[in-house]
Each structure stands twice: as C-alpha cells, then as structure tokens.
Amino acid sequence: SGLSQEAGSVEQLSLHCAEGSLEWLYPMGALRLRLAPRLPPTTAAVKGGSPWHVTACIKPTGTFRGAQLYLEREGVLELLLPEAPRPRARCFSWLPQEKVALFLQATPHPDISRRIAAFRYELWGDWLARPALPAASLGAEGACRPCNDTEVLMAVCTSDFVIRGSIQSVSNDVELQESIIGVSATRIHRQKFPLFQAGGRPGWPMGSIRTPLRCGVKPGPGTFLFTGWLHFGEAWLSCAPRYQDFQRIYEGAQRARQNPCEFPVD
C-alpha cells in the first residue's frame, strides 16, 4: 500500500518467481522492481552459440490506475504502461548480464479516491525450448508461419496442451489484435490446466485458443491437432496440423526412429 510510503520515496523489491502478480493500493512515490528470475546454471552461454535471453511479459488489469510503468534498462527508462492502459501484454527480452528493472511511478491526483496499479507477470528463458509467444508486442514474425515437420513433433511433446478437435467458430478482437478460435475437442491428449471443459456436443469438451489477428485464421472443416502454450492463463496456438497430416509425419518419424516422444496415433 502506498499509504505506508512517503511522497518522494522509492521502495525496492525483487521478483524471483517465474510468474506472479503485484497490486499497489493508493500509489504514492515509486516502486523499483528488480527482475531476478532463478536461472539454470547453463544460461550464461551455449558453447559455440549465442547467449541465452530472458523474457518478461507484463499484463495490466483492466482497472490499472494511479501509476505508470517504465522499463529501466542500463539506466534508461522506456514507458511500458501509461495510466489506464489497454489490458494487453507487453513483452521484452534481455541478456542475463544486463541490468533490467521495472519502475512503477505514481501519478499525481488531486483527490484521494482509491486507485490500484495491478499487473500480472511471467518470466522465462529460451532454455525452455519454448517458441516465441504470439503476443503482438514480441514482434514474432514466425507466429503465423505453418510449422514444419520437426516443429510439429516437438510441439506435440512439449506443449502445455495437445487437443484433437475441430474449429467451431472464429471471433476477432480488434482492440487486442487477437483472434479467438472456438474448438470442440474430440480427444484431450494433454492439458496442464482445465482449458477445455464439457459444454459442447454430448461428451465433447469446448474451449478457446488465441492467435494474433494478423494471422487471419478462418473457420474450416476437418479435424486438427491443436498445440500451444499458456500465456496469462489463456491458451495460445503454436502448431495446428490437420490430424491426418500429423499421422503421416509421426509415422514417418517412427519408421526413421526420430520421434522425440511416444504419442498415441489412431
């Protein structure tokens, strides 16, 4: 709470967890949040390759008020979230040896009405073998590119969810620049959280998967194998081959003994 702070004070905090949230009631003064995720010992560099990067994503609540959030990189400030921002994620990356922090500064208001500057955050590194998140702020050029055979096999083995099903609807959120794909699941191979639940056809769970609006997803017939990642509790699409194409890819890799994992194929 800012009520325990003096007007010109700066309170120092460290964020060590891979994900979490922060709520600042009655913002007063400023908070400096040092981003210090617990990194595996191999993150300094890959022998003969490029060094690892750390990535953070910040998503404000819909009621974010009373402060502005800046990225502080090597002593230079960059505005990430103005007061009353749109509730969309902002992401950025840095090298482990770079000095990076978030600077949350209260904005002056003549009244003392209750304001809350609150956001959720996620921290991770590219050592997780996770593809670039499809958030528009990441500028992931490959977010709309169809996956090749190797990427399909890795996605099936490592994704947060693997769902066999069909597209029931596609709706577009122009403000957030996202498309929401309504999926009816015929089989749930894996889901870390109950993203798909009963509510469609008898015994067929329903759920939604997001993808950037610029990818231009359209509804179409057929059965697909949807894979992807959780991003702030929402499912984001990674690879989605037609199921018969996945069967061909998997069986070919199986004959060549190049499958990264075992997967049940009908």
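Predicted model, so just to flag it, every value in this text is computed and none were measured.

Draft legend 1. How the structure looks around the state of the cysteines. If you walk through the whole model with that rule in mind, you get three disulfides. With its sulfur 1.9 Å from that of its partner, C57 forms a disulfide with C91. Judged by the sign of its S-S torsion, about 105°, the cystine formed by C57 and C91 is right-handed. Of this pair, C57 sits in strand 4 (residues 54–60) while C91 is found in strand 7 (residues 90–94), placing the two residues 34 residues apart along the sequence. Considered together, C57 and C91 belong to a single accessibility category, that of buried residues. Two residues share a disulfide in this structure: C147 and C239, whose sulfurs sit 2.0 Å from each other. The S-S bond linking C147 to C239 shows a torsion near -90°; that makes this disulfide left-handed. Within this pair, whereas C147 is found in the loop between strand 9 (116–125) and helix 1 (149–158), its partner C239 is found in the loop between strand 15 (234–237) and helix 2 (243–255), the two being separated by 92 residues in sequence. Judged by its relative accessible area of 24%, C147 is partly exposed.

Draft legend 2. Quick look at the packing of aromatic side chains. Taken as a whole and assessed by the stated rule, the structure comprises six aromatic pairs. Aromatic rings pair up to connect Y243, F246, Y250 and F263 into one cluster. Lying over the aromatic face of Y243, R164 brings its terminal NZ or CZ to 4.1 Å of the ring centre.

Draft legend 3. Highlighting the environment of E6. Residue position: E6 is located in the segment before strand 1 (10–15). Once you skip the residues sitting within four places of it in the chain, E6 turns out to touch M28 and G29.

Draft legend 4. Geometry of the pairing of strand 14 (residues 224–231). With respect to burial, strand 14 is a largely interior element, eight of its eight residues being buried. Of the strand pairs in this sheet, strand 10 (residues 161–173) and strand 14 are connected by five bridges, and their pairing is antiparallel. Each residue of the ladder has a partner; that of V162, found in strand 14, is T227. Two strands pair when backbone bridges link them, and strand 14 and strand 15 are joined in this way by four bridges, in the antiparallel orientation. Paired with L230 across the strands is A235, a residue of strand 15. Hairpin connection from strand 14 to strand 15: two residues lie between these consecutive antiparallel strands, with F232 at a positive phi of about 55°.

Draft legend 5. Local environment of the sheet that holds strand 1. Read from one edge of the open sheet, five strands run 1-3-8-5-6, paired in mixed fashion. Strand pairing shows two members of the sheet lacking a second neighbour, strand 1 and strand 6 (76–81), which therefore form its edges. Strand-to-strand twist across the sheet, computed as the mean angle between neighbouring axes with direction ignored, equals 25°. Sheet analysis places strand 3 (residues 30–35) next to strand 8 (residues 100–106), joined by five bridges and oriented antiparallel. Bridge pairing in strand 8 links A30 to Q105.

Draft legend 6. Spatial organisation of helix 1. All buried positions along helix 1 are accounted for by V152, L153, A155 and V156. Buried positions in helix 1, seen along its axis, are confined to an arc of 160° and lie on one side of it. The residue sitting at the N-terminus of helix 1 and contributing the capping side-chain oxygen is N148; that oxygen lies 3.2 Å from the backbone nitrogen of T150.

Draft legend 7. Expanded view of empty space enclosed by the protein. Per the stated rule, a full pass over the model turns up two cavities of 30 Å³ or more. Taken as a whole, the second largest cavity encloses approximately 40 Å³ of empty space. In terms of lining residues, the second largest cavity is bounded by L153, V156, C157, F246, Y250, N259, P260, C261 and F263. The class makeup of the residues in the lining of the second largest cavity is eight nonpolar, one polar and no charged.

Draft legend 8. Region of the structure containing the pattern of salt bridges. With the rule as written, the count across this model stands at seven salt bridges. Between E98 and R73 there is a salt bridge, with the nearest N and O atoms lying 3.9 Å from each other. Taken together, the residues span a long stretch of sequence, with E98 in the loop between strand 7 and strand 8 and R73 in strand 5 (residues 67–73) at a distance of 25 residues. Assessed through its relative accessible area of 24%, E98 is described here as partly exposed.

Conventions used here
- Residues numbered from 1 in each chain as written.
- Predicted model: local features only at pLDDT ≥ 70, side-chain atom pairs only at ≥ 80, totals over all residues.
- Heavy atoms only, no water.
- Disulfide = S-S within 2.5 Å.
- Helix = DSSP H or I, 4+ residues; strand = E, 2+ residues; numbered from the N terminus.
- Buried < 20%, exposed > 50% of the residue type's maximum accessible area, 1.4 Å probe, protein only.
- Phe/Tyr/Trp six-rings, centres within 6.5 Å; stacked < 30°, edge-to-face > 60°.
- Lys NZ or Arg CZ within 6 Å of the ring centre and 35° of its normal.
- Contact = heavy atoms within 4.5 Å.
- Pairing = 2+ DSSP bridges.
- Axes fitted to C-alpha atoms, helices over the stretch in contact; angles between N-to-C directions.
- Arc of directions from axis to C-beta.
- Polar contact = N/O pair within 3.5 Å; in protein donor to acceptor, adjacent residues only side chain to side chain.
- 1 Å grid on protein atoms, 1.4 Å probe; cavity = no way out; pocket = protein on both sides within 12 Å on 5 of 7 lines; lining within 4 Å.
- Points joined across faces, edges and corners; volume = space filled by probe spheres on them.
- Nonpolar A, V, L, I, M, F, W, Y, C, P; charged D, E, K, R; others polar.
- Salt bridge = Lys/Arg side-chain N within 4 Å of Asp/Glu carboxyl O.

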